[in-house]
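So the chains spell out like this:
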Amino acid sequence: MRLEFLRPRYWLTWIGLCVLRSIAVLPFATQRQVATALGALIRRLPLAYVRIAERNIELCLPHLSPRERAALIDRHCQSLGMALCETATTWWSSDARVGELAEVQGLEHLQAAFAKGRGAILIGGHFTTIEIATRILGTVVPMNVVYRPTKNALLSHIMHSSFCRHGKPIRHDDIRTMIRALRHNEAVWYAPDQSYRNKGAAMVNFFGIPAATTTATSRLARISGAAVLTYFPERLPGLAGYRVVIGPAFEDFPGNDVIHDVERFNELLEAQILRIPEQYLWMHRRFKGLSPDYPDYYGRDSRRRGPISAPKSFG
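Residues numbered from 1 in each chain as written. Predicted model: local features only at pLDDT ≥ 70, side-chain atom pairs only at ≥ 80, totals over all residues. Heavy atoms only, no water.

Draft legend 1. View of the packing of helix H9 (residues 175-183) against helix H10 (residues 216-224). As a packed pair, H9 and H10 sit with axes 10 Å apart at the nearest point and diverge in direction by 45 degrees. Here H9 is positioned oblique relative to H10, judged by the angle of their axes. Along this stretch, H9 crosses H10, giving a crossing that reads as right-handed. Between H9, through Ile-179, Leu-182 and Arg-183, and H10, the contact on the second element is made entirely by Leu-220, Ile-223 and Ser-224. Broken down by class, the residue content of the contact of H9 with H10 amounts to 4 nonpolar, 1 polar and 1 charged. (Axes fitted to C-alpha atoms, helices over the stretch in contact; angles between N-to-C directions. Helix = DSSP H or I, 4+ residues; strand = E, 2+ residues; numbered from the N terminus. Parallel < 35°, antiparallel > 145°, perpendicular 65-115°, else oblique. Left-handed = near helix turned anticlockwise from the far one by under 90°. Contact = heavy atoms within 4.5 Å. Nonpolar A, V, L, I, M, F, W, Y, C, P; charged D, E, K, R; others polar.)

The following block contains the structure:
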């Protein structure tokens with residue numbers, strides 16, 4: 001722990017961490033009640049993230065009526081409240097407690113990949129269950145988790161410490177370590193479904209709308225020879241806990257066309273989102289372009305566009 005974390009700039013973060021730490025010790029049923037209250041609060045606050053979620057749902061799910069979209073936003077905010085409680089569980093609960101809450105399906109696919117001796121690339125999406133889902137898989141198999149540090153150094157420290165207790169963290173820009181892990185026949189997990197505007201990106205349809213997307217999974221699979229599998233989580237109703245599903249390895253992957261490779265994953269991701277739309281992390285500005293003529297879908301909630309830089313991450 002660095003002394004700089006005692007500075008006043010981190011006091012609010014410490015308060016938030018204390019609240020999360022107290023949530024971690026609550027019974028699961030009580031956590032769900034707290035999550036419902038947090039979700040209601042998130043829905044009522046004038047947050048840019050909520051407006052971004054509304055816009056993304058409007059773009060991706062145009063078949064929904066205004067009333068249906070509003071109801072989905074309500075459920076999504078409740079899902080965000082649950083994600084906060086799940087983060088507390090992820091960071092501080094024991095493997096035994098996490099394991100009791102979860103059902104893991106498809107381990108045979110991962111074991112088949114390991115049997116080939118070239119490791120496994122597990123790719124998923126940014127669902128609100130992303131924290132707890134990563135922890136769940138880490139209770140049954142050693143995991144290398146690709147992560148992006150937050151701007152808040154204290155939060156990054158806590159997150160990294162949690163990863164170190166329950167897996168092997170790899171920074172999003174440390175491609176050499178990813179390849180090394182795969183060559184040691186290990187599993188590497190990451191989610192490539194957020195906006196990627198560095199070199200190596202391509203415009204690939206996401207729910208029918210071109211979005212800046214990384215094509216790095218194809219390159220990583222080609223270099224390492226690792227199998228590529230999907231890993232999708234689901235928060236079950238009531239107190240049933242979670243189900244996480246490892247899909248079979250992609251056949252003939254990577255192919256001759258990296259765009260087609262990405263489209264294959266996007267089709268599976270979109271199908272999962274349509275199953276549980278409230279659990280997808282809609283608050284990300286997914287629709288960004290690679291050139292100035294790309295539409296500005298977010299208006300006042302857009303961020304200033306920076307120059308395209310050298311390749312660094314998988315998203």
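Draft legend 2. Structural view of the packing of aromatic side chains. Per the counting criterion, the structure on display carries 15 aromatic pairs. Considering the side-chain rings of Phe-127 and Phe-232, the 6.4 Å spacing of their centres and the 70 degrees angle between planes classify their relative orientation as edge-to-face. Here Phe-232 lies in strand S8 (residues 227-235) and Phe-127 lies in the loop between strand S2 (120-123) and helix H7 (130-138), a separation of 105 residues in the sequence. Residue Phe-127 is classed as buried on the basis of its relative accessible area of 0%. On the basis of an interplanar angle of 75 degrees and a centroid distance of 5.8 Å, the ring pair of Tyr-294 and Tyr-297 is categorised as edge-to-face. A single burial state applies to Tyr-294 and to Tyr-297, both of which are buried. Pairwise contacts between aromatic rings join Phe-127, Phe-206, Phe-207, Phe-232, Phe-265, Tyr-280, Trp-282, Phe-287, Tyr-294 and Tyr-297 into one cluster. Lying over the aromatic face of Phe-206, Arg-286 brings its terminal NZ or CZ to 5.4 Å of the ring centre. (Phe/Tyr/Trp six-rings, centres within 6.5 Å; stacked < 30°, edge-to-face > 60°. Buried < 20%, exposed > 50% of the residue type's maximum accessible area, 1.4 Å probe, protein only. Lys NZ or Arg CZ within 6 Å of the ring centre and 35° of its normal.)

Draft legend 3. A look at unusual backbone geometry. Cis peptide bonds are those with omega within 30 degrees of zero, and the linkage from Phe-253 to Pro-254 qualifies with 0 degrees. When you line up the elements, Pro-254 lands in the loop between strand S9 (242-246) and helix H11 (258-275). Despite not being glycine, Phe-207 has its phi angle at roughly 55 degrees, a positive value. Turning to its location among the elements, Phe-207 is positioned in the loop between strand S6 (201-206) and strand S7 (209-214). Looking at Phe-207, the relative accessible area reads 15%, which means it is buried. A positive phi angle, near 50 degrees, is found at Asp-252, a position not held by glycine. Along the chain, the position of Asp-252 falls in the loop between S9 and H11.

Draft legend 4. Spotlight on H11. Between its first and last C-alpha, H11 extends 26 Å over 18 residues, near the 26 Å set by a 1.5 Å rise per residue. The complete set of buried residues in H11 reads Asp-261, Val-262, Phe-265, Asn-266, Leu-269, Glu-270, Gln-272 and Ile-273. Along the long axis of H11, the arc covered by the buried residues comes to 165 degrees, so they all point the same way. Here H11 starts with a cap whose side-chain oxygen sits 2.9 Å from the backbone nitrogen of Ile-259, and that cap is Asp-257. (Expected span 1.5 Å × (residues − 1). Arc of directions from axis to C-beta. Polar contact = N/O pair within 3.5 Å; in protein donor to acceptor, adjacent residues only side chain to side chain.)

Draft legend 5. Focus on the pattern of salt bridges. Counted under the stated rule, the structure contains 13 salt bridges. Among the salt bridges present, the one from Arg-75 reaches Glu-278, with a minimum N-O distance of 4.0 Å. Placement of the pair is Arg-75 in helix H4 (residues 66-92) and Glu-278 in the segment after H11, with a sequence separation of 203 residues. Relative accessible area serves as the criterion here: at 39%, Arg-75 is assigned to the partly exposed category. (Salt bridge = Lys/Arg side-chain N within 4 Å of Asp/Glu carboxyl O.)

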